[in-house]
Amino acid sequence: PADYEGTGRADFAVFQPSTQTYSILMASGQVYVKQWGVPGDVPVSGDFTGDGRADLTVYRASNATFYTFDIAGGPAVIDNAGTTTPAYPVMKPPTPTLAAPALLAADDTGLLGDGITTVTRPRIVGFATAGDRVDWIAPDGSVIASAIASTADGSYTLQPGSALLNGTYIVSVRQADAAGNVGPLSPTFTLTIRAAVGDYLGQGRSDFAVFLTASATFSIQFSAGAAPFAPQFGLPGDVPVSGDFFGDGHGDLAVFRPSTATFYVYDVVTRAFTAQQFGLPGDVPVPADYDGDGKTDFAVFRPSTGYWYVLDSSTGQITARQFAIPGDVPVPADYFGLGRADYAVYRPSTATFYAFDPATSTGRVVAVGSPGSVPVPADYEGTGRADFAVFQPSTQTYSILMASGQVYVKQWGIPGDVPVTGDFTGDGRSDLTVYRASNATFYTFDIAGGPAVFDYAGTATMARATLAPITTWFNFAGPVATPSIAESPGLGLVPIPDPTSAAITPARKAATVDLAIESLGLEYWRPGT
């Protein structure tokens, strides 16, 4: 009890330690209730501001500090550590619950507002009390990132200090004032990270890369503007594969050795290395994230039996599943939007996709295009699900069944162009793209934004007028017979003249051919070649 109203009469008042709440029946008849303090604080009565009214005051033994709230004038802090002179800086009252945070629009590479991004260090934004600290809190209570709300408008931006793994995150924030009072958790926000395939530095965009099988050399131009990188990795005859095998948010250098059925992987950022023998000679490498843990799993497809073999990175267990008939082409991708790759094949003879998700026992059979079409499944709509899509070389026409149910058909390219899948513009949607061997140029059409041209000539410096570099197709040289669409319908293997040569001679063409390979976490190739 004390005179909190300044009437000259003591008011009936109590402090509840479990909730740190004052309840006061004023002499005027008003009832005043206020939470003030944190667990362990001790209530103290007195007129510390000298205005003739008792203040709400608690003493915190942990830091020898009095926290005072003047009902008429607001809060103050009095630090009384031993014999030190009391100080009176302004202190805020207990912190409120913040609104749910959001993904910064510039980092929202999917549909705006869907929370899906290819950025592995995404920025989370919102508003809090000006000058307060805001923490990004994980479901286990750990702090992902912290920032101070702007003193001008209370806005804050939170960004993880390191790359997040592929997957779904439940995001909450809370604020803490200068006195250490911590507010409750905000409503949650769902964030999904889908790192770009072939993004070797984790910049949210794929990098342009080539692999020369004759010398087993990668040549990479980073989209972030770093100096070109041309490491030798593997042996002549190895097959390049792509994926994030370490689950650290960026792509790795990786090859598959057909003779021993062994994967070799190198992380260009951390310099980690691993090798994994998996499968038999003649198997087709189909690495992808089948268990949804953010890591690319070692996997092979056996054409002779139609069996898939996957080494789950999350459990270390081997999964074997028969899902194909002779002649089917493996095209694993996330067709159901569940954050993991599905077993899927394309049947060139009937121009039909077959997809199956074993976790939900969900399957789809989708006929798109016509026989002889090249499968180019990718997320063209930005929904987080791969769309069933084909490219017909005879008419240079894309036919896409979007996840939303819309059918999109567009002619793009000229005879001889090679279809390429990838998000060239970095907006979270795959673009219609063809590669023209005659001038070593990629022609890209963003369904949302229109056309663009990207020129890449061998290992030369890339032009960057309007297009961010990407890598979804690899050029590689090797002593193989020249394939054609007629010889391998639907495989996506077509000859490309070597862009580093001054001229393509018949002898050179017979000995070596560069192949464009679709890379949606896998490469199509012909066993034995």
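Reading guide: rules and limits
- Residues numbered from 1 in each chain as written.
- Predicted model: local features only at pLDDT ≥ 70, side-chain atom pairs only at ≥ 80, totals over all residues.
- Heavy atoms only, no water.
- Helix = DSSP H or I, 4+ residues; strand = E, 2+ residues; numbered from the N terminus.
- Buried < 20%, exposed > 50% of the residue type's maximum accessible area, 1.4 Å probe, protein only.
- Contact = heavy atoms within 4.5 Å.
- Areas by Shrake-Rupley, 256 points an atom, 1.4 Å probe, with all protein chains shown as cover.
- Pairing = 2+ DSSP bridges.
- Core = buried A, V, L, I, M, F, W, Y, C linked by side-chain atoms within 4.5 Å.
- Phe/Tyr/Trp six-rings, centres within 6.5 Å; stacked < 30°, edge-to-face > 60°.
- Lys NZ or Arg CZ within 6 Å of the ring centre and 35° of its normal.
- Salt bridge = Lys/Arg side-chain N within 4 Å of Asp/Glu carboxyl O.
- Axes fitted to C-alpha atoms, helices over the stretch in contact; angles between N-to-C directions.
- pLDDT = per-residue confidence, 0-100.

What follows deals with the overall build of the protein chain. Across its full length, the protein chain carries one helix and 40 strands. Burial status across the protein chain gives 52% buried among its 529 residues. Sequence separation of at least 24 residues holds for 42% of the intrachain contacts in the protein chain that already meet a minimum separation of 6. About 21,700 Å² of surface is accessible on the protein chain, with carbon and sulfur atoms providing 58% of the total.

It is worth spelling out the sheet that holds strand S11 (residues 133-137) at this point. Strand pairing within a sheet occurs via backbone hydrogen bonds; the two strands may be parallel or antiparallel. Read across the open sheet, the five strands follow the order S9-S15-S14-S11-S12; overall the sheet is mixed. In this open sheet, the two edge strands, each paired with only one partner strand, are strand S9 (116-117) and strand S12 (143-148). With five bridges joining them, S11 and strand S14 (residues 167-176) adopt antiparallel strand pairing. Paired with Arg133 across the two strands is Ala176, which belongs to S14.

Ile124, Val134, Trp136, Leu158 and Leu191 are the most contacted members of the largest nonpolar core, which totals 17 residues. If you list the elements that add at least two residues to this core, you get S11, S12, strand S13 (155-158), S14 and strand S15 (189-193). Sort the elements by how many residues they give to this core and S15 lands first, with three residues. With residues near it in sequence (within four places) discarded, Val134 still touches Leu98, Ala128, Ala145, Ser146, Ala147, Ala149, Tyr156, Leu158, Val173, Arg174 and Gln175.

The subject of this paragraph is the packing of aromatic side chains. Think of a pair of aromatic rings as described by two things: how far the centres are apart, and how the planes are tilted against each other in angle. For the structure shown, the criterion picks out 19 aromatic pairs. Aromatic side chains Tyr335 and Phe388 sit 4.7 Å apart centroid to centroid with 15° between the ring planes, which places their arrangement in the stacked category. Of this pair, Tyr335 sits in the loop between strand S26 (329-330) and strand S27 (343-347) while Phe388 sits in strand S31 (residues 388-392), placing them 53 residues apart in sequence. Looking at Phe388, the relative accessible area reads 2%, which means it is buried. Among the aromatic residues, ring-to-ring pairing joins Phe245, Phe256, Phe263 and Phe298 into one connected group. In this structure, Arg60 packs its charged tip against the face of Tyr67, placed 4.0 Å from the ring centre. Over the face of the ring belonging to Phe445 we find Lys410, whose NZ or CZ atom lies 4.4 Å from the ring centre.

With that settled, the discussion passes to the pattern of salt bridges. Per the stated rule, a full pass over the model turns up nine salt bridges. Where Arg302 meets Asp283, a salt bridge forms, and the shortest distance between an N and an O atom there is 2.8 Å. One end of the pair, Arg302, is in strand S23 (residues 298-302); the other, Asp283, is in the loop between strand S21 (273-277) and strand S22 (284-285), and 19 residues separate them in sequence. In this pair, the class of Arg302 matches that of Asp283, namely buried.

Now for the sheet that holds strand S1 (residues 12-16). Read across the open sheet, the three strands follow the order S1-S2-S3; overall the sheet is antiparallel. Every interior strand has two partners, whereas the edge strands, S1 and strand S3 (31-35), have only one. On average, adjacent strands in this sheet sit at an angle of 10° to one another, irrespective of strand direction. Sheet analysis places S1 next to strand S2 (residues 21-25), joined by five bridges and oriented antiparallel. Its bridge partner being in S2, Phe15 is matched across the sheet by Tyr22.

In this structure, Ser186 sits in the loop between S14 and S15. We classify Ser186 as buried; its relative accessible area is 6%. For the pair Ser186 and Thr97, spaced 89 residues apart in sequence, the C-alpha to C-alpha distance is 5.7 Å. Look past the residues within four positions of Ser186 in its chain and what remains in contact with it is Thr97, Leu98, Ala99, Ala100, Pro101, Ser172 and Val173.

All right, on to the confidence of the model for the protein chain then. Overall, the predicted model of the protein chain reaches an average pLDDT of 77, with 78% of residues at or above 70. Low pLDDT, under 50, characterises residues 79-92; the predicted model gives this stretch 33 contacts beyond four residues in sequence or across chains.

Once that is clear, we can look at the environment of Gly37. Summarising the element assignment, Gly37 is placed in the loop between S3 and strand S4 (42-44). A relative accessible area of 10% means that Gly37 is categorised as buried. Considered as a pair, Gly37 and Val58 are 21 residues apart in the sequence and their alpha carbons are 6.6 Å apart. When near neighbours in sequence (up to four residues on either side) are disregarded, Gly37 contacts Gln20, Val58, Arg60 and Asn181.

What follows concerns unusual backbone geometry. In this structure, Ala64 takes a positive phi of about 50° despite not being glycine. You can see Ala64 is positioned in the loop between strand S5 (56-60) and strand S6 (65-70). Positive phi is not limited to glycine here, since Ala216 has a value of about 50°. Examined against the element boundaries, Ala216 turns out to sit in the loop between strand S16 (208-212) and strand S17 (217-221).

Let us look at the pairing of strand S10 (residues 124-127). Relative to S10, strand S8 (residues 102-103) runs antiparallel, the two sharing two bridges. Bridging across to S10, Ala102 finds its partner in Val125. The pairing of S10 with S13 spans four bridges and is classified as antiparallel. When the sheet's bridge partners are listed, Phe127 is paired in S13 with Ser155.

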